[in-house]
Amino acid sequence: MASSPGLNFLIAKYLRELPNPNLANDFISTLEKNNLLPSTRNWNGVERQISFQELEQQYNHVPDNHLPQLLENVMSYVEQGVGKRFGSLTTFLLQLDPTCFLENKQKISSKRKYNMFATAYHPCKYLSNPTNRNMQLIMREREYFGRTLSIEKLPSSDLYQRMNMRLKVIAHKASVYCIAFDRTGTYALSAADDFLLKMWHVHTGRLMATFRGHSKEICDIDVNFENTLVASASLDKKVRVWNLRTTKMECVLHGHQSGINATKFSPFCKTDDRWLASVGSEGSICFWKYRVGTTEFESRPIKFVEKSRAGAQMLCLSFSPGGYFVAAGSSDSVIRVYSFHTYSPLKICELDRHTNVVETICYSHLSNSFISGSKDGTARIWRYEQQSWRAIVLNYSNDSDKTNNDSNNHVSTVGNKLIPVTIVSWSCTDRRVATAYENGLIKIWEPNDGTLLNELKKHEKTVFVLECHPTNERILCSAGHDGLLVIWDMVDGRAIKYFLNDQYIDIPNSIPYSEAKWSPNCDVICTTDLCGQICFFGLGTDTQYNKTQIEQFFHNDLRPVIRDSNDNVLDEQLQVPPHLLPPPYLIDDHGHAYPADIQRFVPGRENYSQNDNTATVVNHEYLEDLIIAEPLTTPALTSAYMTRNFETIDLSTFRLNIDKKQTFVYHRDFIPPLSEAELERSEIIRDVRYDEERIVYEREYLKKADYGDSCESSPVKKRTTRNVIKMRQEELLKRVPHNVEVAINRLTTRALYDSDKEDKTDLSDDQYSPNATVPFGDSEMSGGGDDDSVSTDEDLVATTSRTTGIMTRTGQQRRVQRHRNLSPDEDEDDDDEDKHEHENRRVQEAKTQHRRRNKWKRLKKRREQVKTKKEEFENKDDLELNYSPDFKPPDWLTRTAAQCSPYIPQIGDIVVYFVQGHELYINEVKDKKMYEIDEKTLPWNKSESLDAVECATVIGVSISFSDKQPPRVINVRLQLLNPNTLEATSQRISVKFHDVDGIADFIILKQYYDQAIQREWKTGDRFRCFIDDTWWPGTIVKREAFDLVHENSPFQCYIIRWDNGENEERLSPWDIFESDDLSSESTVLKMPYYQPTADDWPVHDVDSERERLLTGIDALMQVDIAEQFRAPVQLAWYPVVIAYPIDLGTIRERISNGYYRRSNALKWDVKKMEENAKNFNEKGSQIIEQVKIVTKTLLKYIDDFNCDDINLIYQRSLHSEQVPLPLSTSFNDDWLDDCQMILNDILSQPGSDLLRYPIDENEYPDYERIIKTPICFDDVQAKLSQTPCVYRHSREFIADCHLIFQNALTYADPEMINVVRHLGPWFDRRVAIFDRRQRRSNSQYTSEMTTRRRELQNSSTDENNTYTTGEAAIAATTTTISSSSSNSKFQ
């Protein structure tokens, strides 16, 4: 065996410690004589022996006993099993490399970046970053260990037999369904049904921070690739974005009308734009854009509404590794794929091969493939090949599929029972794919041909977690509802180790797991379960977890918060944003604070004194009411996680008594962003993958599809008939394996079926050419629509003029789709197509005339539809269950700030009406089939003398639902005026319209029109246009009439060219503005605003009049009788009945923002509020009397511009209307107490539990079909407990109880009938006694109310004295009107 010079040196130093010095000297001289000590080379390359003294000087930090210590360390590695993998420990101990045991002092002080021995023991942790290893280190690995430590030659999977559970923490008060790691693997984030998001330290298991703000259960979380933000999606219809470093809530994203199911950050990094995607239960997917390095998201997302049928939901989504694709699954069994080919999301296909709900989708790590799992029992691996999407079907019963050549019958069944797929996952190398099923079975497949490799059988219940190892392709982690966490070897098909979740909580059965994740460093697994617990699993033992508490909560986790209109939150107690609060106290599950020494582990409390870390209990009478007080003083803070400053907090948006607050705030500093090197490496990898995905997609797009010999000789253009499409699909299916499907893009086929035009494109599955190039950074779009609107090639191209071929662009209000433009060459080639379109138009006109002849049939059908809808509206209970979020009023109709466009009419407006723009709107409505249009009611059909430009005044406005609800439409009655004298003519027209993307306003204020016409633009003039909250610069090309029929009309008369090089477009004079400061980046928008005329307001000083109105409406909103009208109605079915919701709060905000152009417009909104209340509530109800008082008071106050005290008018209106007074407190409480006593007695009766709780759908599946109005005693209890009480009279309580008994008899269940036979007579006897006592109380109540009303009338005999007695008299009178809203309905 060859000797080691370094080892000889260490032996010599060790011998010097022995009592015999001659032994060490003889050994040293022998080493120097035989050249057994390390050598070196001079600058000429001549080798020279190093003496022992020189070595001692060079390694003076090495002690004499270093050799025994070194052996102890080596033996510890051998005991842990490392020696089996090392092979040989022969090494040159004095070599200056990172693995040397003898290093100089500078090397000891520096941080070790790479260690071969640590890599051999933790290969997944150190091999995940190959930049840490150069060729020199790789060669030495071969020398030391006999092999290279590479990912391909990872240690045996038996290593994970040493995996054990290090810690289990009770972390949340409800089920935890979400877990995620930051990009460094140091921190974990959990989100639960207790509305909280929490941050944990992975290596200690300690709670670091809590994110508060959601109002409902959190469904999904995700961390961005820069490691700066975390997004959380919730059932409260919002996505909240948090700062990982400061825990600040950066923004709240409003875009969904229902709960959000999933959210993901996109890997896309080709530009400085970054994207966040979310899918919701209303069937939509939203893409939110923000700039890299910032936290400012665009307020309006790019939204695609994908509702092919009622109730369809978007459930899941997954991005490709480079962000070029994103696939989303939905409950309508359709998979929709979107592309970022134009650096902006664009839907390219819809795949509907599944026959049931698509619950899970996962993209591969290294290719363009993705796998989908469905409730139909199949999983499909999708690839884009030869201009078509192909899927390899993975069936549950693999043997039967081998002999079945019918690819249309891929159904996974066992004993004729469907086995749904619950979750899917790819291995880290994409060589294997795993699918889990509802019966607990896991199958491993070969993704290229769909071959079944292994079946993993260990789980007994449904598996909802499949997590492949990030670096080891053999390892798979699974967890399910049987409480088992299993680590598998996918190659051998065996379970390496499993864990049963049955500790810490006294539950007879195991606790189901809900989620599990591998950390990025591959050394930890974090799991969550349905009892709010988080478990940490790791290799070996780690003593850092031993001191961690198993119950970890902060004392302010569940403290209430205050919300503003944008849904930002403040801590209710301290009125400070949660991320600026002082360091909290750590408490257990029962609310008890831990001792002071444990409180030092809370970030920010490391250096607090003993007293400062001791929590003060305020109330401990009941355990659930335990309250911990905030410290009265703010101790000096010296922490690595927090800094303290004295700052001023803006509270103006929260409607508190103060607008600003000066206090000490605490700035947190937790998770740092990735370093520049790590971030650059991540972006390079994602950028390369994006290019690869794009190249592969373009290559397959250009490949010739294999349609067979008959198709090769056919021309390129084929007729778009159903037979041709079916023939093409049959030809494709004949040439693919039995388990491969060829899916025809539903987007293309549906567009072809619904189109009346000849198809001019090939039957490919794509909606655009992938070779098209557009200027990146300028592309935006708004997607969506119902089942009738499809995104096809024609939809992606801007509308062109038939005469000039120049594209038309909307004004500053439009969300311009800047990447959907035709090139000039394509436009010139479309002349023949225009002729064909003209012929089709003639055919359509003939069809229109035919439909007019049968108008009476359509009117009859329409009346039936209206009657049916009215009956549905009257049945409010059913309507609330079937409510669609699409009925929510649009933003353009409910906005509160004044804007130039889109135009919202107000009574008295003097406007300019353009026939050309109205025609464009009508054509758009017809093309998109938005609602039915009666041709005879159009202005140009009713009046032959109508000019292209008409001046008019608005004399009537109404807002209603269209034939196809929604959308809402505005009906405007216009009185035509003489344009010179503004005198009324004899003509009147009616116009119906609503805001449509891509259609310019055809009604504008005359004031804006006059200002625009005065500026005469010339060729070459520079201008700017305000689009999507941004100024876009351009140049005037020329002026040319929009069409030859109306040559004098200025509507879109300017042809312009944008500075970014896009194609020429058309704009109107009122869409463009002076280009006086194009270089300025100021956010101040110099937009024109309306200047009131002398007749608009009763006074000349409009600002002072607005201040008077604000003062009056603020005082009116404080009155109890106006409580129900202070804010919008929060009922799901209210916007279904009321087309134009309005309330006092909205009116006040509009006054403050200068929304109303005249007082008549303000009075119109006030009257509309009364009209809504009358339409929505029952005739004669108390709320109608209240709204009359509020409306009458406010209208009189608006007209009387000399009045400064609205309370005077309110008192007069109150006494004149004689509003009924509410019940006195004493009698009100008496009957409520009796009802509660009766309910308690009912619940104590035997058998009442059967009627106490809601009916279980699994036990009684047909209950909801038979019983139209389900109710139980728990619902009655909730109504009694609500403040104010929902019941207005005891008769309503009795009616609900009788309804419970009647439902039981109607359902005819024997057990329910027996319970009702016992409880019914007993309840009637109790009610009879209760009713006699109530009649006696009512007689006393009547006499008391008569006396109070007489006193009130006598006190108001002399109104002048009453109104001048000061504030005390007014307050005394006001208090007699208690909160009548508690006994009333909603508006």
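The structure we're discussing is the one just above.
What comes next concerns the included structure. (Residues numbered from 1 in each chain as written. Predicted model: local features only at pLDDT ≥ 70, side-chain atom pairs only at ≥ 80, totals over all residues. Heavy atoms only, no water.)

Quick notes on the pattern of salt bridges
A side chain of one charge can pair with a side chain of the opposite charge when the charged atoms of the two come close.
At step 1: Applying the stated criterion across every chain yields a total of 58 salt bridges.
At step 2: Linking glutamate 741 and arginine 380 is a salt bridge whose minimum nitrogen-to-oxygen distance equals 2.8 Å. Placement of glutamate 741 in strand E45 (residues 740-743) and of arginine 380 in strand E22 (residues 378-385) is noted, with a sequence separation of 361 residues between them.
At step 3: Accessibility expressed as a relative area gives 3% for arginine 380, which makes it buried.
At step 4: For glutamate 1040, the salt bridge is made with lysine 1038, and the minimal N-O distance between the two is 3.2 Å.
At step 5: By relative accessible area, glutamate 1040 is classed as partly exposed at 25%. (Salt bridge = Lys/Arg side-chain N within 4 Å of Asp/Glu carboxyl O. Helix = DSSP H or I, 4+ residues; strand = E, 2+ residues; numbered from the N terminus. Buried < 20%, exposed > 50% of the residue type's maximum accessible area, 1.4 Å probe, protein only.)

Let's talk about the nonpolar core
At step 1: One finds Tyr921, Ile970, Leu974, Phe993, Ile1003 and Leu1144 to be the most contacted residues of the largest nonpolar core, which totals 82 residues.
At step 2: Ranked by residue count, the leading element in this core is helix H28 (residues 1182-1199), at nine residues.
At step 3: Setting aside residues up to four positions removed in sequence, isoleucine 1003 forms contacts with Tyr903, Val911, Val912, Tyr913, Leu974, Val991 and Phe993.
At step 4: In terms of nonpolar packing, the next biggest core, distinct from the first, is built from 38 residues, Ala277, Phe319, Val326 and Tyr690 among them. (Core = buried A, V, L, I, M, F, W, Y, C linked by side-chain atoms within 4.5 Å. Contact = heavy atoms within 4.5 Å.)

Concerning the sheet that holds strand E13 (residues 273-280)
At step 1: One open sheet accounts for four strands, arranged E12-E13-E14-E15; its pairing is antiparallel. The open sheet terminates on both sides in strands that have one partner only, identified here as strand E12 (260-265) and strand E15 (302-305). For this sheet, the mean angle separating the axes of adjacent strands, direction not counted, is 15°. (Pairing = 2+ DSSP bridges. Axes fitted to C-alpha atoms, helices over the stretch in contact; angles between N-to-C directions.)

Focus on the sheet that holds strand E18 (residues 335-339)
At step 1: Reading across the sheet, the four strands line up as E16-E17-E18-E19 and stay open at both edges, with antiparallel pairing between neighbours. Each edge of the open sheet is held by one strand with a lone partner, namely strand E16 (314-319) and strand E19 (346-351). The sheet shows a mean angle of 20° between the axes of neighbouring strands, taken without regard to direction.
At step 2: Of the strand pairs in this sheet, strand E17 (residues 325-330) and E18 are connected by five bridges, and their pairing is antiparallel.

Quick look at helix H23 (residues 1006-1014)
At step 1: Buried residues of H23: Lys1006, Gln1007, Tyr1008, Tyr1009 and Ala1012, and no others.
At step 2: For H23, the elements touching its buried residues are strand E47 (910-914), strand E48 (949-961) and strand E51 (1003-1005).

Concerning the pairing of strand E53 (residues 1030-1039)
At step 1: Sheet analysis places strand E52 (residues 1022-1027) next to E53, joined by six bridges and oriented antiparallel. From the neighbouring strand, isoleucine 1027 faces E53, where its bridge partner is threonine 1030.
At step 2: Looking at chain direction, E53 and strand E54 (residues 1054-1058) are connected through five bridges and run antiparallel. Bridge pairing in E54 links isoleucine 1036 to isoleucine 1056.

A look at the packing of helix H26 (residues 1144-1152) against helix H27 (residues 1159-1176)
At step 1: For the pair H26 and H27, the least separation of the axes is 10 Å and the interaxial angle reads 170°. On the basis of the axis angle, H26 is roughly antiparallel to H27. Side by side, H26 and H27 meet where Leu1144, Ile1147, Arg1150 and Ile1151 of the first sit next to Leu1162, Asp1165, Val1166 and Met1169 of the second.
At step 2: Classifying every residue of the contact of H26 with H27 by side-chain character gives six nonpolar, no polar and two charged. (Parallel < 35°, antiparallel > 145°, perpendicular 65-115°, else oblique. Nonpolar A, V, L, I, M, F, W, Y, C, P; charged D, E, K, R; others polar.)

Side note on the pairing of strand E30 (residues 463-468)
The two faces of a sheet get side chains in turn, since along a regular strand they alternate between them.
At step 1: Extensive coverage of E30 is indicated by the burial of five of its six residues.
At step 2: As paired elements, E30 and strand E31 (residues 475-480) share five bridges and run antiparallel to each other. Counted as the bridge partner of valine 465 is alanine 479 from E31.
At step 3: Here E30 folds back onto E31 in antiparallel fashion, the turn holding six residues.

Overview of a nonpolar patch on the surface
At step 1: Among the surface-exposed residues, Tyr14, Leu18 and Leu23 lie close enough to one another that they form a single nonpolar patch of about 230 Å² accessible area.
At step 2: Here tyrosine 14 shows up in helix H1 (residues 5-15).
At step 3: Taking relative accessible area as the criterion, tyrosine 14 reaches 32% and is therefore assigned partly exposed. (Patch = residues over 30% accessible without salt bridge, like charges linked within 9 Å, V, L, I, M, F, W, Y side chains within 5 Å. Areas by Shrake-Rupley, 256 points an atom, 1.4 Å probe, with all protein chains shown as cover.)

Regarding the packing of H1 against helix H2 (residues 21-33)
At step 1: Viewed as axis vectors pointing N to C, H1 and H2 meet at an angle of 160°, and their least axial separation amounts to 8 Å. The angle between H1 and H2 falls in the class roughly antiparallel. H1 and H2 meet at a crossing whose hand is left-handed. Judged by residue contacts, Asn8, Ile11, Ala12 and Leu15 of H1 engage Leu23, Ala24, Phe27, Ile28 and Leu31 from H2. (Left-handed = near helix turned anticlockwise from the far one by under 90°.)

Quick look at unusual backbone geometry
One can expect most non-glycine residues to show negative phi and most peptide bonds to be in trans.
At step 1: For glutamine 387, which is not a glycine, the phi torsion comes out positive at approximately 65°.
At step 2: Mapping glutamine 387 onto the fold places it in the loop between E22 and strand E23 (388-395).
At step 3: Overall, glutamine 387 belongs to the buried group, its relative accessible area being 13%.
At step 4: Phi at aspartate 430 takes a positive value of approximately 65°, unusual for a residue other than glycine.
At step 5: Here aspartate 430 is to be found in the loop between strand E26 (421-426) and strand E27 (433-437).
At step 6: With a relative accessible area of 12%, aspartate 430 lands in the buried category.

Quick look at helix H34 (residues 1290-1307)
The α-helix advances 3.6 residues per turn, and as a result positions three or four apart in sequence lie on the same side.
At step 1: The first and last C-alpha atoms of H34 sit 26 Å apart over 18 residues, in line with the 26 Å expected at 1.5 Å per residue.
At step 2: Turning to H34, its buried residues are Ser1290, Phe1293, Ile1294, Asp1296, Cys1297, Ile1300, Phe1301, Asn1303, Ala1304 and Tyr1307.
At step 3: Residue alanine 1308 follows H34 closely and has a positive phi angle near 65°. (Expected span 1.5 Å × (residues − 1).)

So, to be careful, I would describe these as geometric facts and stop short of saying anything about function.
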